[in-house]
Amino acid sequence: MKLCKRIMLFATLALLLLLAAAMQALAAEELPEGSVYVTFEDGMPKGWECANGWTNGGVFNVNWRRKNITIEDGIMRVTIDRDAHSTNGIPYSSGEFRSRSFFGYGKYEVSMKAIKNDGVVSSFFMYTGPSDHNPWDEVDVEILGKDTTKVQFNYFTNGVGNHEYMYDLGFDASEGFHTYTFEWYPDEIVWYVDGVEAHRVTENIPTTKGKIMVNAWCGINADHWINAFDASNIP
């Protein structure tokens, strides 16, 4: 099934991430047959959900909480804050918006204004793995809050990654909305920024259908990658 999705994300120094699919999404009748059209005008769209009550562990220093995603006036807000209900020692919570269904080869697109903050990652990606009883296959668009003039592209095939590619945007991704796209095919993945090709890979391409996800998170034990988390913007 081909997915053609356009979402808007917005982030401020208060570590608030907004998604407003309805504001800039293609009209449903303009999308190719078989596409998925997402809107927040009527609240949480059917077939999508918020992660709740668990953590990824590892470098993720957040618990996923449904409360960290709110929708109002066609805008989805994802907030990183202190987790007052943590029972596992993880001090922060955030939100992850994800599809219930699995999608394969096709075009995936997001309009994003990223978080500018050391230790934070704003992500748009396709993922499946052991939690779905599948191999770990993933395609990523990640903006690191330590330097929002770049975007990182990456992918995993059966758990094998190390394909990180940093692309110089020529602008600050935290200062305005820009469109990030990946086209995933059996023989290649191509990433675009504002419609211009930014990166292409043709080796060991993932094959397993995955869920489409958007999240924002702060990290731990990953200072070499994203810098130490600056919590001064969290009340």
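All values derive from a computational prediction rather than experimental measurement. (Residues numbered from 1 in each chain as written. Predicted model: local features only at pLDDT ≥ 70, side-chain atom pairs only at ≥ 80, totals over all residues. Heavy atoms only, no water.)

Q: Would you mind showing me how to read the sheet that holds strand β7 (residues 81–82) here?
A: What holds strands together in a sheet is hydrogen bonding between their backbones, with the strands either parallel or antiparallel. A sheet is described by the order of its strands in space; here 3 strands give the open sequence β4-β8-β7, paired in mixed fashion. Either end of the sheet is taken by a strand with one partner, and the two such strands are β4 (62–64) and β7. Bridge analysis of β7 against strand β8 (residues 92–94) gives 2 bridges, and the strand direction is antiparallel. Along β8, the bridge assignment pairs Asp81 with Ser93. (Pairing = 2+ DSSP bridges. Helix = DSSP H or I, 4+ residues; strand = E, 2+ residues; numbered from the N terminus.)

Q: Is there a simple way to think about unusual backbone geometry in this case?
A: Trans is the common state for peptide bonds, and a negative phi is the common state for residues other than glycine. At His133, a position not held by glycine, the phi torsion is positive, near 60 degrees. Along the polypeptide, His133 turns up in the loop between β11 (120–128) and β12 (137–144). Judged by its relative accessible area of 76%, His133 is exposed. With a phi close to 50 degrees, Asp194 is a non-glycine residue in the positive phi region. Looking at the element boundaries, Asp194 is found in the loop between β16 (188–193) and β17 (196–201). Taking the relative accessible area as the measure of exposure, Asp194 reaches 39% and is therefore partly exposed. (Buried < 20%, exposed > 50% of the residue type's maximum accessible area, 1.4 Å probe, protein only.)

Q: Help me understand the environment of Phe124 in this model?
A: Take Phe124: it is sitting in strand β11. Sequence separation between Phe124 and Val141 is 17 residues; the distance between their C-alpha atoms is 5.2 Å.

Q: Before we go on, may I ask you to explain the nonpolar core in this structure?
A: Side chains of a nonpolar character, in soluble globular proteins, are inclined to be buried together. If you look at the biggest cluster of nonpolar residues, it comprises 36 residues, and the most contacted ones within it are Phe124, Tyr180, Phe182, Ile189 and Trp191. Within the second largest apolar cluster, 18 residues are counted, among which are Ala51, Trp64, Tyr92 and Ile115. (Core = buried A, V, L, I, M, F, W, Y, C linked by side-chain atoms within 4.5 Å.)

Q: How should I be thinking about the environment of Asn227 in this particular structure?
A: Mapped onto the fold, Asn227 is located in the segment after α2 (223–226). Given the relative accessible area of 29%, Asn227 is considered partly exposed. Sequence spacing of Asn227 and Val120 is 107 residues, and the spatial spacing of their C-alpha atoms is 8.4 Å. When near neighbours in sequence (up to four residues on either side) are disregarded, Asn227 contacts Asp118, Gly119, Lys146 and Ala222. Polar side-chain contacts of Asn227 include one of 3.4 Å to the side chain of Asp118. (Contact = heavy atoms within 4.5 Å. Polar contact = N/O pair within 3.5 Å; in protein donor to acceptor, adjacent residues only side chain to side chain.)

Without other data, these values stay purely geometric and don't point to any function.
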